[in-house]
Every structure is written in structure tokens, then in C-alpha cells.
Amino acid sequence: GNGAAHCGALSSAMPVEAEGIWEVVLGTSNGGVPVTQGEDPSSASSGRLGNGSFVQQLAPPSGSRHILGRRLHFAKLFGAGPETGWVTTSLKEKDFVARNYDVEAKDLKPRVNEAPPPAVPADGRRPFDVIIYGASGFTGTLSMEHLDAVLASRGGAGGGCRWAIAGRSAARLRPLAARCKTGPAVVQASGPEEISKLAASCRVLLAAAGPYQRCGEEVIKACVEQGTHYVDVTGEVPWVREMIAKYHDAARKKGVMVVHCAGQICTIDDLSLYLLAQKLGPLKQFREYFASSGDMTGGTYDTNIATFKDMTQDRLQVMRDPFSLGGKRRGGVRPEDADCSEALQDTLFPSLWLQPAYSTPTGSRILRRSCQLFEEAPGDRLLYGEALTVTIRDCSFSQQAAKKQIAMTAPPPDAETAKVMASAMMANVAGGGGPKPGQGPPHETRQMYYSDVYAVAEGENGSWAHVHYTGPEAYEATAMSCVTAALTLAEEGERLQPASRGGVLTPAFAMHGSSFVERLQAVSFGNGGGRRMTFEVRTGKPSEDEVKEVAKAKMKSAASTQADIMGGKLKAYT
């Protein structure tokens, strides 16, 4: 998400909070939020407050009507626009100006670190190797922490890696940069022109700001135009399909690698299939049993809301098509290719009943795209199989339990139902039932979460092998994955051969030929003492008892952690 710690749309009966710090979070298309000289919206205009500006709320004058509870009297602390005036805080469920609890007035005066993207020197050497854009969001902050720790472990000035954190508010980034050991620069960038300059100032841009369907394309467009490699952690299939259609050919011609879905939601699946294809050669089938304990952040929740709110019948069809990102096999669409819509007994381990894993919709389509990309690059000499089937599932021990989970996670039947679901989710957040953007599980809670995955494959030659993956909480794994991908792009460019292998890519295809897997497994999150990401490639199938034990342990862990949250020992999010 964008990381803004702000309240939802105010009700018509609720006055704005007294004397807080507020931030412009959604300026209108023609330059920001309108400011008036008086409380009445029809009073004389004073100009506009720019996106990312911070203001101090002033007490309303005596006799103020406080129109609809949505008018804010302010004095500007930071940013572009009038020094004082009145603004509308929200309208039609959209926040224009929102309360920010992360900063204080003393952090905003004097104006510091309001640095635009630097110019590229005349010699063409870019100022930065890696920039994290959207570093103030939950995932962006974790990514910053991990990159800083990895570079600090190299000694000196981060082993020579020059990096920066960027976003639309330098004031929010400043305290984050102060926490880092390796001294990243702080760059403020908002709007197409500044984002284009930002892309031109680095070799790799890691985009952590979402929902990507709302704010991601301008970053990709800038990276392709400026010849800058790009990494993100999206899981938004319709948007990825749009980016492939718009930018794959242009990125390929310019030798730019645009790497989507480089977080937990696809990297584990993508690498497991990649490693098994390397071991066995072309495959008949890939079956993954994905056990993960955890919860979502406000950014992910906000992305889900945006996905449903912006749903169309065309996008819904993309979500239903198992080959919407490519990779259709010679036999066409087979029953095994469909997402999980009914509780079926597993064919390999009959004591298990199959239900959707949270990564099923995105992960399976990314794997099929990897299959196509390798087929289009014969020089890589890695083929996944002409009749390969991809199945990614979670497991239950009864048909009834699997049916219940399928009903809870079923996609909307049509676009109108999706919009109703979005409204219900928004009401849930407004009522305190879900995390807001910028919120997520704190460190103590994340230590209780983990993933344990068995990926099993059968080769065309009849041989079997499997990967046993174990790793940390999902958002820590996401930070580790995307940061490692960005560093690999920055430091192993020759091995990745972007000039001949560029385009809109998957993690496995983009990282082929590099030390990406070894780098991922080398350190834990933040170079601390937590769980590492491990990929153990083994001959044969795992035993049914091994897979069952993983499923049992996940259920027990999830129940225990939820009990601690309900009992107040842990917090679901902060």
C-alpha cells in the first residue's frame, strides 16, 4: 500500500479531530486539493494544496457551522500551496486530506530533505544503484530495513552500493532514513515528470507503492523509457496482463527487465517449479501444497478493495482464465488447469482435501508465464514441459472443511457483486475491523508466522522430485525476495543478459543464470536471528505423513496465534 496512516472517510455527523497533523493524500487531477478563504466551499479560492503537503489543523472560529463535518481550517507546515485556508477533507468516500499520526509538527519545520530526483551526471553514471519507491508503506519499510541490513553486513559504505528511498513525502521518509546504518539518500517524487527523473537516476527501481492498478503504470512507463530495471511485489493479475500488453515488447527492445510479483505470493512457487525443471527436465505435472500462517496488511487489504471496486466483466474474465498471463499448453485448457472451486481428494495424498492457497490465483498464472518465457528463449535450455499442469493448493483433513474454505475465498460471480464486496470491506476498515494502509503485524506477531511448502513434480521421463521450502512471515519474505531481486539486477547484469532477455518477466525467468537463490538463502530478514528462506531439492516424493504434519502444524500455529491476539498478548496489526 502507499503507507499513509490515515483515517477513512468521515461521516456526515463527525467533526474533524481537533488540532492534528493532516496530509494531502488525494489531490485532484489539476494540481491538488482546492483551498478557499472561508469555511463555505463556495467562498473565494486561495489556490491548491499539493499532494504530500502537511497542515496543522486550526480550531474553527466561533460560530462556525463546520459544514457536514468535512471542512478543515489549516495552517500549512510543509509542501506546496497557500499558507492557510479551508479544504474539504473527503467527498464520496474519497479522502482528500487525512489525519496523519506518524509525524509531529517539529518533524516538518524547517522544511528539510525536500529533494527532487537528482540529475544524471554528464558521464552517464547514474547516482543510485537501487531506489525503493514507496518506502514509507509497510512492505516498503520492511524492504528498506532488509536492504540496509544486507548492505551493512558488507562493511564500509554498503559494499559500494548507492541507494535511496523515495516517495511523495520527504518528511515521512526522513525519520526512516535516520534509522538506517548505511545512510540512504531521501528523494521526493510525485507526478509523472518527477517519477521519470527518479527512474533516470537509478539502475534498478523497486516499486513498493500500491495498489499497483491505481499508481503502478506511471512507474513502469518511466522505467522502460529511461532504460531502468524494475521490480515490484504485486499480485494483481488483470493489471499484470495490461502491463504485458503495453510494455513487454518495448522493454524487450530496450533490454529492460520488468519483474512483477517478486514477493512471497509468487517467488516461492516460481522458484520451486524452476528448480524442479532444472533437476528433472520437462515435466508432466507440478503440485504444490502451500501451508502459510499469517495475516494481511492494510496495503494488501486496500489492494483487494481497489480490485473489487474497479472490477469489470473483462477483468473478471482475466481473473478466471488460467492462462491469462500466457503459457497455454498444446492440449488447450484442461480441467486440471482451473482454479480450485470444489473440494477434491488429493490424487497423491488421499488423506488430504484440497482448497485454495492464498497464492493460487496469481502464483499459478505466473508459473505458466515462466513456462512460456523459457520456451521463447531457447538459449536458456530450460523447458518446463509441453503438457505441464500446475496445481497450487492448501489442504484440509475433511471435505467439509475444504468446502468451507472454498466458500470463504470464492471470487465474485460478476462485477456488480465485486463492487458490493468492496463497499463491505471499506465499511469493515472504517469500523475498525481491518487494518488501514500502512498498518500490519508488528515484529512480535510476525515471529509467530511462517510458511512451510512442499512442491512435487513428475518429469516426462516418469521420475519424481520435490522441493521443501521453509521461510519466515510472508511480508518479511516479500521484503527479502524483492530486495534480493533488485540487488541481483544491479550487481549481476551481465549474467542476466537483459539485452536479449528483457521484457515484462517473472522472477524465475529474470533471475535465471544468477546467484539469486543462493542470495535469498544466505541471510534471514534484516540479517537477524529469525527464520531463513530455504529451498531443499530432493529426489522422489515426500511421504504423505510429511505433508500431513505440515498441514497440522500450520493449523495448530494459526489457532495458537489467534488465541494470543484475542487474549491481548499479541497485536494483529499496528
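Presented here is an overview of the structure given in this document. (Residues numbered from 1 in each chain as written. Predicted model: local features only at pLDDT ≥ 70, side-chain atom pairs only at ≥ 80, totals over all residues. Heavy atoms only, no water.)

### A word on empty space enclosed by the protein
By the definition in use, this model includes 3 cavities of 30 Å³ or more. Here the largest cavity is characterised by a volume of approximately 60 Å³. If you trace the largest cavity, you find it lined by Tyr289, Phe290, Ala291, Arg393, Asp394, Cys395, Asp452, Tyr454, Val547, Val550 and Ala551. Every element with two or more residues in the lining of the largest cavity is listed here: strand S16 (283–293), strand S19 (389–396), strand S20 (450–459) and helix H20 (544–566). Of the residues that constitute the lining of the largest cavity, the class distribution is 8 nonpolar, no polar and 3 charged. Approximately 40 Å³ is the volume found for the second largest cavity. Residue composition of the lining of the second largest cavity, by class: 4 nonpolar, 1 polar and 3 charged. (1 Å grid on protein atoms, 1.4 Å probe; cavity = no way out; pocket = protein on both sides within 12 Å on 5 of 7 lines; lining within 4 Å. Points joined across faces, edges and corners; volume = space filled by probe spheres on them. Helix = DSSP H or I, 4+ residues; strand = E, 2+ residues; numbered from the N terminus. Nonpolar A, V, L, I, M, F, W, Y, C, P; charged D, E, K, R; others polar.)

### Digging into the environment of Leu520
With respect to the element layout, Leu520 can be found in helix H19 (residues 516–522). Separated by 15 residues in sequence, Leu520 and Phe535 place their C-alpha atoms 9.5 Å apart. Leu520 has contacts with Thr267, Leu271, Met480, Ser481, Thr484, Met533 and Phe535, leaving out every residue within four places of it along the chain. (Contact = heavy atoms within 4.5 Å.)

### Side note on the sheet that holds strand S18 (residues 353–356)
Taken in spatial order, the 7 strands of this open sheet run S17-S18-S19-S16-S20-S21-S23, and their pairing is mixed. Pairing within the sheet leaves two strands with one partner each, and these edge strands are strand S17 (344–345) and strand S23 (534–539). Contacting S16, S19, S20, strand S21 (464–471) and S23, helix H8 (residues 264–280) crosses the sheet at an angle of about 145 degrees to S16. Of the strands in this sheet, S18 and S19 touch helix H12 (residues 399–409), which is tilted by about 10 degrees from S18. (Pairing = 2+ DSSP bridges. Axes fitted to C-alpha atoms, helices over the stretch in contact; angles between N-to-C directions.)

### So, the nonpolar core
Counting residues in hydrophobic clusters, the biggest one holds 120 residues, and the most contacted among them are Trp163, Ile165, Leu205, Tyr230, Val231 and Tyr384. It is helix H15 (residues 474–491) that contributes the most residues to this core, 11 residues altogether. For Tyr230, the contacting residues outside a window of four places in its chain are Leu205, Ala207, Tyr212, Val219, Ile220, Cys223, Trp239, Met257, Val258, Val259 and His260. Counting residues in hydrophobic clusters, the runner-up holds 12 residues, among them Ala291, Leu352, Val456 and Trp464. (Core = buried A, V, L, I, M, F, W, Y, C linked by side-chain atoms within 4.5 Å. Buried < 20%, exposed > 50% of the residue type's maximum accessible area, 1.4 Å probe, protein only.)

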